[in-house]
Amino acid sequence: MKIRIFTDGACSENPGPGGWAAVFNSAKKCKSIAGNEKNTTNNRMELKAVIESLKVISNMRGCEKHDFELYSDSAYVVNTINNGWLTKWQLNNWKTTKGDDVKNKDLWKELALIW
C-alpha cells in the first residue's frame, strides 16, 4: 500500500515562532502529525516536518522506503535531497563547497541517520 506524505513548515517571523506539520494519506486512512518551536526559521520547520514524517514511517511495521512518496514545497529540502548535497555534505564533514558550516547541520545529520 502506497502512503503519500505531504509536509510543510513555516514561521510568523524568520526567525521567530514556527511550526511544522505532515499529513499521511493512504487508501485506507489519513493521519496527521504536527509540532512547533518558539524560536526557529522557515527552513528548520520545513526540514523538521520531513524528519518527523520519516520517523513515523520508520516505526511502521512492514513499511519500506518504496512504500511511500514524500512531498514538500521547500526548495531547500527538495534540492538538498535531489541534487545529492546531503551526501556531499556528509563526505565533506558537514561543510559546503565554500568551506562554510552547513546551516541546520543538526537537523541534516538527523535526517541522514533515518534516510
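Our structure's up above, just so we're on the same page.
By convention here, each chain's residues receive numbers from 1 onward along its written sequence. Since the coordinates come from a predicted model, pLDDT governs what is reported: local features require at least 70, and pairs of side-chain atoms require 80 or more to be given and counted, while whole-chain, interface and lining totals use all residues. Side-chain numbers come from the whole structure's heavy atoms, not from hydrogens or water.

**Remarks on the overall build of the chain**
And then number 1: When helices and strands are tallied, the chain shows four helices and four strands.
And then number 2: Within these notes, the globule rule equals 2.2 Å times the number of residues to the 0.38 power, and the radius of gyration is based on C-alpha atoms. Relative to the compact-globule value of 13 Å for 115 residues, the chain shows a C-alpha radius of gyration of 15 Å, a close match.
And then number 3: Overall size of the chain, expressed as C-alpha extent along the three principal axes, is 45 × 35 × 20 Å.
And then number 4: Pairs at least 24 residues apart make up 56% of the contacts formed inside the chain by residues separated by at least 6 positions.
And then number 5: Entry remark: accessible area of the chain is about 7,200 Å², with carbon and sulfur atoms responsible for 49%.
And then number 6: Neither His nor the chain ends contribute to the count of charged residues, in which Lys and Arg are positive and Asp and Glu negative. Positions of charges follow a simple convention, taking NZ of Lys, CZ of Arg, CG of Asp or CD of Glu. The chain carries 17 positive and 13 negative side-chain charges, and their two centres are separated by 5 Å. In this text, helices come from DSSP runs of H or I with a minimum length of four residues, and strands from runs of E with a minimum of two, each type numbered from the N-terminal end. Whether two residues are in contact is decided by their heavy atoms, any of which lying within 4.5 Å being enough. Method for areas: the Shrake-Rupley scheme with a 1.4 Å probe, in which residue coverage is limited to the protein chains shown.

**What about the pairing of strand S3 (residues 30-40)?**
And then number 1: Here a strand pair is declared whenever DSSP counts at least two bridges between the two strands. Pairing geometry for strand S2 (residues 16-25) and S3, over nine bridges, is antiparallel. Its bridge partner being in S3, Gly19 is matched across the sheet by Asn36.
And then number 2: If you look at the hairpin formed by S2 and S3, you'll find four residues sitting between the two strands.

**Things to note about the environment of Arg4**
And then number 1: With respect to the element layout, Arg4 can be found in strand S1 (residues 3-11).
And then number 2: Separated by 12 residues in sequence, Arg4 and Gly16 place their C-alpha atoms 29 Å apart.
And then number 3: Beyond its immediate stretch of four places on either side in the chain, Arg4 contacts Val23, Phe24, Asn25, Glu69 and Tyr71.
And then number 4: A distance of 3.2 Å separates polar atoms of two side chains, one belonging to Arg4 and the other to Glu69. Think of a polar contact as two N or O atoms within 3.5 Å of one another; within protein, one of them needs to be a possible hydrogen donor and the other a possible acceptor, and neighboring residues in sequence only count if both atoms come from side chains.

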